[in-house]
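Structure at a glance
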Amino acid sequence: MRASDLKVLELLDFRADEGVIAFHDQRMLLYDADVIGILRRELVETVGPKAARGLLTRFGYADGYRDAQTLKKLFHWESPEEWHKAGLVLHALEGKALAVKTRLSGLADDGPFEAEIRWENCYETEQHLRHLGPATEPVCWKLAGYVSGYFSACLGDEIYFVETDCCATGHGCCRAVGKRRADWGAELEPHLEYFKAASVQDEIARLEQALRAQRQAASRQKREAERWKSLAQRLQGPHAPVVRSRAMRDVFELAERVAPADTTVLLTGESGTGKELVARLLHERSRRAKGPFVAVNCGALPEPLLESELFGHVRGAFTGAVADKKGLFEEASHGTLLLDEIAEAPPAIQVKLLRALQEREIRRVGATTSVAVDVRVLAATNRNLEQAVARREFRRDLYYRLNVVNVVLPPLRERREDIVPLARLFLERYAAAQGKEIRAMSAEALDLLTGYAWPGNVRELENVLERAVVLATRDRITVADLPPALRGGGGLLAPGESAGALPLRALERRAILAALEQHHGNRTRTAKDLGISLHTLWRKLKAYERDAGTRRR
Ligand SMILES: [Zn+2]
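From a predicted model like this one, the values you see are computed outputs, not experimental measurements.

**What about the overall build of the chain?**
- Along its length, the chain carries 22 helices and 18 strands.
- Taking all 553 residues of the chain together, the buried fraction comes to 34%.

This is the structure we're talking about:
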């Protein structure tokens, strides 16, 4: 997660039906800024400007301190600096001020922490000018308090920001400088008193205690039974290449360069990393783009069928060969042929593939003459072909023939910065396809997505989002819409049990019974929750009863 990835709709959970706006476990309020301005005037007029400044500074400090803690808990930040910067982004998202120029040093290295921040559109100046008129000294007390609190929480030290320029005193923007207390010296003294109130730290400690208790209660709730439902029909279409990571941009750059060259390309990478997507890209950016793109899975067919599929056959070549048939090499003429899962090709097929690549001609099964073919061959595998060669499972000569250029697709866990944009893309796509108005993901859900290892890579991410859109009952994806696997166990699976180890039927049974329990046996609500009809639920429960009866006998 990066600071620039923050989106206000994902951070805030608008529960209008409960009268609550939640930011993780903080409750947020929407206020008319003028009301705050009026309060400020009242404070200045009743307790005096000095006490008013102290109150608002500490108010800002607590605000910033809490925001820092919440942001830290919510996300896996790419680096601590991203977390540190996020405070300023969040502050802007909350509508308080826009940090336009920021200089932060000493965050990553051990040098002294020094910060300079400039803001525009600060609501505090606006309100001060409106209700109290122009000032002779900076007035953004709450703002200075906010960044002091935020960075104090981040760095675990006393950080103080002092506002040097302010729009309320006639400057073009507000500017504040921040340092550790130890680095400030005497210059800080006149400002320090405004931060001091024993009650602020005590109050924060008390709030933290309350938060811990709240979180424990929340995690108990999370352990409740999970819903599980079969996926909707998979949508067609390649993943749009949304790539932010350097690793993936390198892949696409290499693909763009080799696309026009007509050479054989070997695509390697784990399942679901997008090998077919890159193969299609290679085809579309080649001179063969107008020709066909044909893909065949070499691991899906037994040898005789695969041979006939690839090279075709003549009538009478074997029982059932009632007519001549073109193979995929001929079908892909003037186009591209993708040999997917090439490592699974049986040895006899490997020999024939090598011949086809070398001679640029093939012979149909049962034929006595060869046919010239004009095809660009791409091969893909999720296995390590070099190892397969060393173990003599794959022909070395064919390996060299295929591996003219090797494009390696990195697994998703090695390019985590792509997770958020890809997840948003799939959310948008499936929400549109299913006609659901889902615009955002909760911060907790996003955090689970970025923290998960994704053994099934982009394809798994896509499936998870598709499922989440199916399950979502509100206008945002929440943790409850994500599969239990992402939540680190719990839910439907016993510890140490993987989903692959259980038959789907057993999983479904557990899900249905768990949901029924959750709804205290209310079948109508259970069916609604699971997204199945009451009739289907009834039928399945009957079947479970029958199964149980059979086992007893
Ligand atoms: Zn100001």
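That was the structure; now back to the text.
**Concerning helix 10 (residues 246–258)**
- Taking 1.5 Å as the rise per residue, helix 10 with 13 residues should run 18 Å; its terminal C-alpha atoms sit 18 Å apart, in good agreement.
- Met 248, Val 251 and Ala 255 are the residues of helix 10 that are buried. The arc that holds the buried residues of helix 10, viewed along the axis, is 50°, so those residues lie on one side. Along helix 10, the residues that are exposed and aim more than 90 degrees away from the buried face are Arg 246, Glu 253, Glu 256 and Arg 257.

**Notes on the packing of helix 3 (residues 49–74) against helix 6 (residues 141–155)**
- Relative orientation of the contacting elements helix 3 and helix 6 amounts to 35°, with a least axis distance of 6 Å. Helix 3 and helix 6 meet at a crossing whose hand is right-handed.
- Broken down by class, the residue content of the contact of helix 3 with helix 6 amounts to 14 nonpolar, eight polar and five charged.

**Regarding the sheet that holds strand 1 (residues 12–15)**
- What the three strands build is an open sheet, ordered 1-2-3; its pairing is antiparallel. Since the sheet does not close on itself, it has two edges, and those belong to strand 1 and strand 3 (26–28), each with one partner. The average angle at which neighbouring strand axes cross in this sheet is 35°, direction not considered.
- Sheet analysis places strand 2 (residues 20–23) next to strand 3, joined by three bridges and oriented antiparallel. Bridge pairing in strand 3 places Phe 23 opposite Gln 26.

**Considerations on the environment of Lys 436**
- Its place among the elements puts Lys 436 in the loop between helix 17 (419–433) and strand 17 (440–441).
- In this structure Lys 436 comes out as partly exposed when scored by C-beta crowding, with 16 C-beta atoms within 10 Å.
- For the pair Lys 436 and Val 470, spaced 34 residues apart in sequence, the C-alpha to C-alpha distance is 8.7 Å.
- Once residues lying within four places of it in the same chain are set aside, the contact partners of Lys 436 are Ala 431, Val 469 and Ala 472.

**Quick notes on unusual backbone geometry**
- The phi torsion at Asp 262 lies on the positive side, around 65°, for a residue other than glycine.
- Of note, Asp 262 is situated in the loop between helix 10 and strand 8 (265–268).
- Of note, Arg 360 is a non-glycine position whose phi angle comes to about 55°, a positive value.
- Of note, Arg 360 is situated in the loop between helix 14 (347–359) and strand 13 (361–362).
- Its 13 C-beta neighbours within 10 Å are what place Arg 360 among the partly exposed residues.

**A few points about the confidence of the model for the chain**
- Residues with a pLDDT of 70 or more make up 87% of the chain, whose mean pLDDT is 84.
- The low-confidence segment residues 223–241 (pLDDT under 50) makes 39 contacts with residues lying over four places distant or belonging to another chain.
- For residues 489–497, every residue scores under 50 in pLDDT, and the model assigns this stretch 16 contacts once sequence neighbours within four places are set aside.

**What about the environment of Glu 158?**
- Inspection of the secondary structure puts Glu 158 in the loop between helix 6 and strand 6 (159–165).
- Judged by the 16 C-beta atoms lying within 10 Å of it, Glu 158 falls in the partly exposed class.
- C-alpha separation for the pair Glu 158 and Arg 181, spaced 23 residues apart in sequence, amounts to 5.7 Å.
- Not counting the four nearest positions on each side in its chain, Glu 158 is found in contact with Ser 152, Arg 180 and Arg 181.

**Some thoughts on the nonpolar core**
- Judged by nonpolar contacts, the single largest core of 74 residues is most densely connected at Leu 143, Val 147, Ala 423, Leu 427, Leu 461 and Leu 465.
- The element that contributes the greatest number of residues to this core is helix 6, accounting for nine residues.
- Leaving out residues up to four positions away in the same chain, Leu 461 has contacts with Leu 412, Ile 419, Leu 422, Ala 423, Phe 426 and Trp 454.
- Counting 40 residues, the second-largest nonpolar core is a separate cluster that includes Leu 266, Phe 311, Ile 362 and Ala 379.

Rules used throughout
- Each residue is numbered by its place in its chain's sequence as written, counting from 1.
- Reporting in this predicted model follows two pLDDT cut-offs: at least 70 for local features of residues, and 80 or more for side-chain atom pairs to be given and counted; totals over whole chains, interfaces and linings ignore these cut-offs and use all residues.
- A helix here means a DSSP run of H or I that spans at least four residues, while a strand means a run of E at least two residues long, and both kinds are numbered starting from the N terminus.
- Once C-beta atoms are placed from the backbone, each residue is buried if 20 or more other C-beta atoms lie within 10 Å of its own, exposed if 12 or fewer, and partly exposed for counts between those two.
- Each residue after the first adds 1.5 Å to the expected span of a helix.
- An arc is given here, and it is the one of the directions from the helix axis to the C-beta atoms.
- Whenever a helix is involved, its axis is fitted only over the stretch in contact; in every case the axis is a line through C-alpha atoms, and angles between N-to-C directions fall within 0 to 180 degrees.
- Crossing handedness: left-handed means the near helix sits turned counterclockwise from the far one by under a right angle, and right-handed means the same turn made clockwise.
- Note on residue categories: nonpolar means Ala, Val, Leu, Ile, Met, Phe, Trp, Tyr, Cys or Pro, charged means Asp, Glu, Lys or Arg, and polar means any other residue, Gly included.
- In this analysis, strands are considered paired if DSSP registers two or more bridges between them.
- Note on contacts: each residue gets a C-beta atom placed from the backbone, and two residues are in contact if those atoms are within 7 Å.
- Here pLDDT means the predictor's own confidence in every residue, given as a number from 0 to 100.
- Buried Ala, Val, Leu, Ile, Met, Phe, Trp, Tyr and Cys residues whose C-beta atoms connect them within 7 Å together make up a nonpolar core.

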